[in-house]
Amino acid sequence: MNLSEKISIEKSVPGRRGLVFAKAAKPASAYLPAGALRKAPPRLPEMGEFEVVRHYTRLSRLNFCLDTHLYPLGSCTMKYNPRANEEIAALDGFAGAHPCAPDSAVQGTLEVLHRLEKLLCELTGLAAFTLQPAAGAHGEFTGILVAAAYHRSRKDRKRVEILVADSSHGTNPASAALGGFSVRTVASRPDGRLDMEALKAALGPQTAMVMLTVPNTLGLFEGQIRQIADAAHAAGALLYMDGANFNALLGLAKPADFGVDILHLNLHKSFSTPHGGGGPGSGPVGVAAALEKFLPVPRIAEKGGTFALQAKAAGSIGRMRSFAGNTGVAIKAYAYLRGHGAETLRSIAENAILNANYARAKLKDLFPPAVDEPCMHECVLRTEPEKTNGLKTLDVAKRLLDHGFYAPTIYFPLIVHEAIMIEPTETETKETLDAFVAALRAIHAEALADPEKVHAAPHTLPVKRLDELGAARNPNVAWG
Amino acid sequence: MNLSEKISIEKSVPGRRGLVFAKAAKPASAYLPAGALRKAPPRLPEMGEFEVVRHYTRLSRLNFCLDTHLYPLGSCTMKYNPRANEEIAALDGFAGAHPCAPDSAVQGTLEVLHRLEKLLCELTGLAAFTLQPAAGAHGEFTGILVAAAYHRSRKDRKRVEILVADSSHGTNPASAALGGFSVRTVASRPDGRLDMEALKAALGPQTAMVMLTVPNTLGLFEGQIRQIADAAHAAGALLYMDGANFNALLGLAKPADFGVDILHLNLHKSFSTPHGGGGPGSGPVGVAAALEKFLPVPRIAEKGGTFALQAKAAGSIGRMRSFAGNTGVAIKAYAYLRGHGAETLRSIAENAILNANYARAKLKDLFPPAVDEPCMHECVLRTEPEKTNGLKTLDVAKRLLDHGFYAPTIYFPLIVHEAIMIEPTETETKETLDAFVAALRAIHAEALADPEKVHAAPHTLPVKRLDELGAARNPNVAWG
Amino acid sequence: MTYSPHTSNDRAEMLRAIGVSSMDELLAQIPAELRAGGYDWPAALPEPERMAHARALAAKNRALACFAGAGAYDHHVPAAVKALVQRGEFLTAYTPYQAEASQGTLQAIYEFQSSVCALYGMDASNASLYDGATALAEAATAAARITGRKKILLPESLHPEWRDTLKTYFGARGEPVLETIPCPSGRLEPAEVERRLDDTVAAVVVATPNFFGLLEDGAGIAERAHAKGALLIAAADPVSLGVLEAPGKWGADIAVGEGQGLGNALNYGGPYLGLFACQKAHMRHIPGRICGMTTDAEGKRGFVLTLQAREQHIRRERAASNICSNEALCALAATIHLALLGPEGLKEVAELCVDKAHRLAEKACAVPGFRLRFEGPFFHEFVLECPVPAERVRNALLKEGLLAGVPLGRFDKALKNSLLVCATETRTDGEIDRYAAALGRVSK
Amino acid sequence: MTYSPHTSNDRAEMLRAIGVSSMDELLAQIPAELRAGGYDWPAALPEPERMAHARALAAKNRALACFAGAGAYDHHVPAAVKALVQRGEFLTAYTPYQAEASQGTLQAIYEFQSSVCALYGMDASNASLYDGATALAEAATAAARITGRKKILLPESLHPEWRDTLKTYFGARGEPVLETIPCPSGRLEPAEVERRLDDTVAAVVVATPNFFGLLEDGAGIAERAHAKGALLIAAADPVSLGVLEAPGKWGADIAVGEGQGLGNALNYGGPYLGLFACQKAHMRHIPGRICGMTTDAEGKRGFVLTLQAREQHIRRERAASNICSNEALCALAATIHLALLGPEGLKEVAELCVDKAHRLAEKACAVPGFRLRFEGPFFHEFVLECPVPAERVRNALLKEGLLAGVPLGRFDKALKNSLLVCATETRTDGEIDRYAAALGRVSK
Ligand SMILES: Cc1ncc(COP(=O)(O)O)c(C=O)c1O
Ligand SMILES: Cc1ncc(COP(=O)(O)O)c(C=O)c1O
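A quick note: this is a predicted structure, and the numbers were derived from the prediction, not measured.

Caption draft 1: Structural detail: the overall build of chain C. In terms of regular secondary structure, chain C is built from 15 helices and 15 strands. When the backbone C-alpha atoms are referred to their principal axes, chain C occupies close to 80 × 50 × 50 Å. In chain C, which comprises 444 residues, the share counted as buried stands at 70%. Of the contacts made within chain C by residues no fewer than 6 positions apart, 71% connect residues no fewer than 24 positions apart. Between the centroid of the 47 positive side chains of chain C and the centroid of its 52 negative side chains there is a distance of 3 Å.

Below, the structure is given as structure tokens:
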């Protein structure tokens, strides 16, 4: 009902106070040299506590979110995350633990982390996990450094190249580059899978690793993954699996069985941490036994039911960040997994796949799939502007907002023209999917009947279409 | 952005499950006679957990609330209640305490309750408090029973009548009647105060008590309260103060000094419990020393730093409900009061009074005050339909919603024609009040320029004006 | 701390606009002799210190495995319930006077009323009352008005605090007249009820499960009451209705209950949740707020507070009740709780309660010296007759971290050795075993 | 438990619509030989049991009065911050790709960026990075790109885990090259820095307060760095900036920090909050998401993610960074925290920290055998030199419920007897006294 909100600093009134603290016995100037002290106070808003509460409450209401709207954002697994997990991670015992506390004082947390590692090992078939990476991309980077360390340990210094699929997520090549590797892109076949011939041609003594996303970013299972693994291994390279889409495999398949050497998972997707407007995440990395020793420190060790955080480990690539990792996120993932038994685990993936295929089946006559076959947890469809008065993917996305749905991921993967990537996730009902399908079909019809309306969408949101170009040309990124 | 929501039962799908529990070792039928068992399951919604979360999240967004809008509801003290109090009342130690736990296991709660009673005594000057009443009206009823017990204890059985002001809240006469008293209404003077002559004329050997609201429901201080008390006492009656408006006196005055014998406070107004859409509240009752023994049980006793809940007390009117009272609300009130020192206590009332007078001063040319003099924490204004194309109070209220403000209390007190009762409370900023004033002035102008628009308001809310008559004529109060 | 946002600048400008020169001038409304001299008040605690202070106090309460019931039950409160009721839009709204700006609260109340009706097998309900005890008092008042009769029969098997509440409510006024029916066997004897029924009786109250946990013969009593023109007021724990027949089905005219167990914490006795429901015929005697469905000016469905002619703000001393604020947020918690559980979840909880309580009873009675005080089917609570005073048993188990139950001696001296024991779904098998083992040590 | 809402009916209908006869047919996409045989998996815990399990685990952590810092600080987290970040609209939204439906998140990011800039005295910032250590790594990368140079000078007075993180980040790639500057006095000697500066140096890193809690001569070092064409990267605790001069004012080109102390709990090390800010000139080298102000088609103000040409999803292997998800919710907490505190509140907290840490230091050093290891002004942390190994001191105080600090021996053997001790505004005078008293007992 409110459609815009001033910026906090515009609500600021000099001298107004929110949280007030006790006064220090002596001011900082009594202890610190004058030269070190701040001359002018930082330009932060001066607001009462109530104003702050009202400001951010009202601001929040300008958002769509999963709790209010279907959020079928492909590659993002916007599924429902049980509220109990939030409560659990916030328990004083967990939330109040200092990262430098001695192991004896944090046995509860260490036990959770250890148990989670073991559960992830069981789910993936891999030998060992680190929970340190803060997100998926950070996990990729970790995995890439593990691969580098592995080749280095074998004195194999020629392996300077990493192969990535052209359909891969942008973080894959970026992470590879960050690890000092050159990146070579391998084309996908028309059916969306990696082109084995192209791969074989690309593999060589320079290849450190092949990075593959399973299911891939077209929502398709790489049926030949075992062969890909064999080819990579035969060439002396490792196989990395980007497991950000692991929701589709939970309880169905174990990547170790595919021949995967290294993989990362996104706890904030498949394992139930709400995405928080962009994070925090957690990107645990699992490895085959031979690679365990390269995992970053700290490691969590267990002996006779007592847990220890080991800061040093011979062979380790070192530390990827400060402290143990995004423990709060890991706790939620643990809580989530303990809510499931072996049977219901499998239902996660099954229903995710069911929902994606249902949406796909109900839409494919109007929005042709990038690849016309059953999909896994998401489907990539296309608009056909040439047939529909210029209805582009962006228009569909914006117009969907008017219809009360967040938009799918658009223009990704890059290899699909006018891509619309729909991932309903397993937690949406058939009724919601039916309404979503109806909205997309209605938009298609609108494009034929009243194209202007669709091109100018959204009409009912707090703002109309925003000028992105202008924003980038004259960036205003702070109130200054 | 969503403007309506199905009812939960309309979202129900047979067989769908939300929270799932463990299965019992044996079914109820193994233990209980078949005749006692339910034949058909209750018609409750069958929804997934996510659907429930989404349903109530979306539903909530159809509300205005204090966290999103100014809520200048006279007589209701819709002020900001610090979030910390919610956290405190929810602490496991407090929230998990069973009401029949032995005193030794609940010393923390008992200490809070005891401390709160003492603080309320200090604020009011009264000798003793009970925290048992669940709300203001329940407190009134308690106070009335105390008065009855007092007269009974003096064998004074003729006192069957209670005097209430014509401006009083409806709960006053209703509570008096519930206590078995007949109710006599005493008129107010044109200046909004109780008519001393009318009072004196009404007082007599049949008078058990005089009930007065201070500040009264016109937002005015009863300047003659001391004389009223004297007159009541001289007639052998007691003086009851409805303290629901105590926000205006916090830190400024102690009702005991007025000659008040019994009073109730509304913790959910002056003492910081968010109103929750209609409750819970808590209506502690304070009494002068001579009346303490009549207070309801249980009482909280302290001895050498140890606290006890006493279920029996000689002379007590008995029990007003089960258990100790709305403890959770009392804990918030205690937390609130401990956030204040003697100086800031006073600033609560001062700023509440300042804000009401500011709104009054800025509006009185267009909306004449019921009584033209400075007010306390709220002001009662009027519309003048005859001068403004029929702009009625109800129209103003509905149109204010379009302007982004909740409406003031309207048509109360009953003695003011076309009353608009505005209580901004002390937690609103000058800027918000300015915007509110501007909206009211704009509505006045709209009424002159485009009366239809105003009469048909609201226009921007989830629903248009609702048919209240129809609702009462053919009541549909359950999905059946 | 101050939650008043005014700067000294604001204050000066506002005083100027008002036309006074100082705050004191504005405060002159209060005669000087009535102004407080000063306050003996502790120093303000800033939020960090306040939190620390509160935590220290909360820590003085002991964390115990709770086998106490007696009208307040340690059920699981779902995380989603807690999260949703804390949304500002629900938490910080008032009673929905302006319906158009309060559809969220209003629809939730409608759902609440509907859920209560579904549980109790009734047609109409309200937005909540203070607690179970006061709901019963309101039901008694309504029954007297409906029937034009003056007497209410109350069983001894009713919660003693509920009986006490009714005594307080009606004692001063002298009506309705309360008559207590003794229940030496722990339950109402239908014949005994029949003996006391006459044409002055407005209603017979039946609590089932009753205070001792036992199921009553509701249908038998209802039939007898109706035969004499009296109403039947049922008091029933809403969780029990996951497995037990709805009062409306066995003849209750009005049903009440304590709704705390539906998504609300124990909170040392409050805020709790008074449930009230009745057959359609009595709708206009319901106390308190009622939400009704209606349509807006364009025919769209919406919700309003309705039937207000019963209420104090209209009727004043002739109102159906004096209630104004109710327990809305607790009612919302119950509404969400019931939506989360659904009929199946509620049944699961109820069956767990039955199962655990019976297994506990069996284990407890296997300890020499302990036995059930009363015969008859029970839900999740039973009276354990101890070989020693029940307080002693309670104190002994307290040392082991168990809240063993509620000693009944304080309600009735004859029950000095009786302990009212409850097991809900939150009690684990391990705790049940520890309980029995601890009893074994007491008996020695 | 299942969070999949489908009934068997739904499932059947949906399979039919898809045109397959069974779930298995749909799963045929995964070759049979790649399907998992089975899982060794513990039994599902329904929510009540799961909560109980989690509480039992959490209870295995000890509640201690926290005098440990070392990059993670026990500051008060305001209740309003906790409540607001849990609103579904923030908690369950994604990265704001569809700006029109994400103005709440976007504006909050803009406010976050602005607040970070205000604190650090910079012009531009981003939506957050993983933590302080990785923020520094990103800053080093940016500095190398901006200057076209390869060497980064890292002081020994920097958090050792941050140094280790940079070593990991750049070790495999071999660049930027890291050179550590020894700090025997606990602080950087400007002269020593100058000695190492040459035209291969991209940036000098200065942490102030540094790992040992000491303030560095940032201005002196910045001047020398700039003189050699190198950038100055400042690492600074944001809370300290309530009283300390903004890095942008004393010459920092890029500033980073660990933002946990702004409204985020300790959480055993994460999620934390990487802060990154810089002068305008370097804006297009900022890693990660950036929110910018713009206008909509009707000229109304709005916010979007901007400058995306730096990012991995556009640039892939040529991106400024690989970061995608960041720590948005932690950044939101910091934004709200800073709005609640304002400049005055932040100053109060900072002054309390300074005051309490200094009073603690004084009391600790009054205990025979204990002294400050380093000289120089410090913020809220100091190195206490103990007469015995610091681990022993730590273990002794643990028994009294005190987390005495961080023994530095594990970072540097030469610091075996050194304990890094911190006091924030949440430590009470009573706890400080208990600490000193406990030291007294250790020294005996
Ligand atoms: C397939 C894939 N890989 C990697 C990532 C990167 O994960 P994160 O955003 O947690 O860094 C994502 C997330 O968007 C993804 O979808
Ligand atoms: C003046 C006055 N008296 C009494 C009451 C009744 O209080 P409650 O609603 O808590 O029963 C109110 C509340 O509306 C009130 O404003």
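There is more to say, and it comes next.
Caption draft 2: Structural view of the relation of the copies chain B and chain A. Relative to chain A, chain B is turned by 180 degrees and slid 0.0 Å along the rotation axis, the superposed coordinates differing by an RMSD of 0.0 Å. As the rotation angle and translation indicate, the two copies are arranged about a two-fold axis. A symmetric contact is evident, with 100% of the interface residues of chain B recurring at the interface of chain A.

Caption draft 3: Structural detail: the site of ligand 2. Close to ligand 2 lie 15 residues; B:Ser75, B:Gly136, B:Asp242, B:His268 and B:Lys269 are nearest. Close to ligand 2, residues of chains B and C are found. At 2.6 Å, a side-chain N or O of B:Asp242 approaches a nitrogen atom of ligand 2. Contacts to ligand 2 include B:His268, whose side-chain N or O atom sits 2.6 Å from an oxygen atom. Alone, ligand 2 offers 390 Å² of accessible surface; in the complex the protein occludes 99% of this.

Caption draft 4: The arrangement of the interface of chain A and chain D in detail. Every contact between the two is made by 202 residues of chain A and, on the other side, 174 residues of chain D. Taken together, the two surfaces of chain A and chain D that pack against each other cover about 15,900 Å², and 62% of this comes from carbon and sulfur. Broken down residue by residue, the surface that chain A buries against chain D is led by A:Arg38, A:Tyr56 and A:Val477, which jointly contribute 5%. Our count for the contact surface shared by chain A and chain D stands at eleven salt bridges. When the shortest N-O distance is used, the salt bridge between D:Arg55 and A:Glu87 registers 4.0 Å. Put simply, chain A and chain D have 101 residue pairs in polar contact (both at pLDDT 80 or more) between them. Residues belonging to the side of chain A that touches chain D are distributed by class as follows: 112 nonpolar, 49 polar and 41 charged.

Caption draft 5: Structural detail: the interface of chain B and chain A. Contact residues are listed per partner, giving 32 residues for chain B and 32 residues for chain A. Here chain B and chain A share four salt bridges between them. Across the pair B:Glu431 and A:Arg16 runs a salt bridge, and its minimum N-O distance is 2.7 Å. Summed over the shared surface of chain B and chain A, the number is 13 residue pairs in polar contact (both at pLDDT 80 or more). Within the residue set of the side of chain B that touches chain A, elements represented by two or more residues are α1 (49-60) and α14 (430-449) of chain B. Partitioning the side of chain B that touches chain A into residue classes produces twelve nonpolar, eight polar and twelve charged.

Caption draft 6: How the structure looks around the side chain of D:Asp131. Locating D:Asp131 in the fold gives a position in the loop between β2 (124-125) and α7 (132-147). Beyond its immediate stretch of four places on either side in the chain, D:Asp131 contacts A:Arg321, A:Ser322, D:Glu258, D:Tyr272, D:Leu273 and D:Gly274.

Caption draft 7: Broad picture of unusual backbone geometry. Of the consecutive residues B:Gly279 and B:Pro280, the connecting peptide bond is found in the cis state with omega at 5 degrees. With an omega of -5 degrees, the peptide bond between D:Thr208 and D:Pro209 qualifies as cis. Secondary-structure assignment places D:Pro209 in the loop between β5 (201-207) and α10 (218-227). Even without glycine at this site, A:Lys155 takes up a positive phi of about 60 degrees. With respect to the helices and strands, the residue A:Lys155 is situated in the loop between α5 (136-153) and β2 (161-165).

Caption draft 8: Structural view of the domain arrangement of chain A. Once the domains are mapped, chain A shows domain 1 (3-62), domain 2 (97-338) and domain 3 (350-473). Placing the centre of domain 1 of chain A and that of domain 2 of chain A at their C-alpha centroids yields a distance of 42 Å.

Caption draft 9: Representation of the state of the cysteines. All names here are of chain A. Under the counting rule described, the total for this entry stands at zero disulfides over all chains. With no disulfide partner, Cys379 has as its closest neighbouring cysteine sulfur the one in Cys375, 4.9 Å distant. Taking the relative accessible area as the measure of exposure, Cys379 reaches 2% and is therefore buried.

Caption draft 10: Spotlight on helix α7 (residues 132-147) of chain C. All names here are of chain C. Between its first and last C-alpha atoms α7 spans 22 Å; for 16 residues at 1.5 Å apiece the expected length is 22 Å, and the two agree. Where burial is concerned, most of α7 is hidden: 13 out of the 16 residues are buried. Where α7 begins, the side chain of Asp131 points an oxygen toward the backbone nitrogen of Ala133, at a separation of 3.2 Å. Positive backbone phi, at 70 degrees, marks Gly148, one or two positions downstream of α7.

Caption draft 11: Representation of the sheet that holds strand β8 (residues 274-278) of chain D in the model. Residue and element names in this part refer to chain D. Pairing is mixed across the open sheet formed by seven strands, whose spatial order is β2-β8-β7-β6-β5-β3-β4. Each end of this open sheet is capped by a strand with a single partner; those strands are β2 and β4 (177-181). Here strand β7 (residues 254-258) runs beside β8; their pairing, made up of five bridges, is antiparallel. Counterpart to Gly257 in the pairing with β8 is Leu275. In this fold helix α8 (residues 160-171) packs onto β3 (151-155), β4, β6 (231-235) and β7, with an angle of close to 155 degrees to the strand it touches most, β4.

Caption draft 12: Looking closely at the packing of aromatic side chains. A full pass over the atoms with the stated rule returns 32 aromatic pairs over all chains. Centre to centre, the rings of A:Phe405 and A:Phe436 are 5.6 Å apart; their planes meet at 65 degrees, and the pair counts as edge-to-face. With A:Phe405 in the loop between α13 (393-402) and β11 (409-410) and A:Phe436 in helix α14 (residues 430-449), this residue pair connects regions lying 31 residues apart in the sequence. Taken together, the aromatic side chains of C:Phe211, C:Phe212, C:Phe374 and C:Phe411 make up a single cluster linked through ring pairs.

Caption draft 13: Region of interest: the side chain of A:Lys254. In this structure, A:Lys254 sits in the loop between β5 (238-243) and α9 (255-258). Given the relative accessible area of 12%, A:Lys254 is considered buried. For A:Lys254, the side chain forms a polar contact with the main-chain oxygen of D:Gly38, separated by 3.0 Å. Residue contacts for A:Lys254: discarding those within four places in its chain leaves A:Glu122, A:Leu123, A:Thr124, A:Gly125, D:Leu34, D:Ala36, D:Gly38 and D:Tyr39.

Cut-offs applied
All chains use their own residue numbering, which begins from 1 and follows the written sequence. Here chains are named by letter from A upward and ligands by number from 1 upward, in the order in which they appear as written. Only residues with pLDDT of at least 70 are given local features in this predicted model, and only at 80 or more are side-chain atom pairs given and counted; all residues enter the totals for whole chains, interfaces and linings. As a rule here, side-chain values come from all non-hydrogen atoms in the structure, and water together with hydrogens is ignored. A run of H or I in DSSP counts as a helix once it spans at least four residues, and a run of E counts as a strand once it spans at least two, with each numbered from the N terminus. Buried means the residue's accessible area, taken with a 1.4 Å probe over protein chains only, is under 20% of the maximum for its type, while exposed means over 50%, and partly exposed covers the values in between. Residues are treated as being in contact if the distance between any of their heavy atoms lies within 4.5 Å. Counted as positive: Lys and Arg. Counted as negative: Asp and Glu. His and the chain ends are not counted at all. Here the site of a charge means NZ on Lys, CZ on Arg, CG on Asp, or CD on Glu. To superpose the copies, least squares is applied to the C-alpha atoms of every residue with a pLDDT of at least 70 in both. By convention in this text, a residue qualifies as near a molecule or strand provided that one of its non-hydrogen atoms is within 4 Å of it. Polar contact criterion, stated in full: a pair of N or O atoms within 3.5 Å, where within protein one must be able to donate a hydrogen and the other to accept it, and residues adjacent in sequence count only if both atoms are side-chain atoms. All accessible-area figures derive from a Shrake-Rupley calculation using a 1.4 Å probe, and residue coverage is judged against the displayed protein chains alone. Buried area: the accessible area, evaluated with a 1.4 Å probe, that two parts lose upon being put together, summed over both parts. Salt bridge criterion: a side-chain nitrogen from Lys or Arg within 4 Å of a carboxyl oxygen from Asp or Glu. Throughout this entry, Asp, Glu, Lys and Arg are counted as charged residues, while Ala, Val, Leu, Ile, Met, Phe, Trp, Tyr, Cys and Pro are counted as nonpolar. The remaining residues, Gly among them, count as polar. Source of the domain bounds: an automatic or database domain assignment. Only a pair of cysteine sulfur atoms within 2.5 Å counts as a disulfide in this structure description. Every helix has an expected span of 1.5 Å times one less than the residues it contains. What makes two strands pair is DSSP finding at least two bridges between them. Only C-alpha atoms enter the line fits that serve as axes; for helices the fit covers just the stretch in contact. Angles between N-to-C directions range over 0 to 180 degrees. Each aromatic pair joins two rings of Phe, Tyr and Trp (for Trp, the six-membered one) with centres within 6.5 Å, and gets the label stacked for planes under 30 degrees apart, edge-to-face for over 60, and tilted for any other angle.

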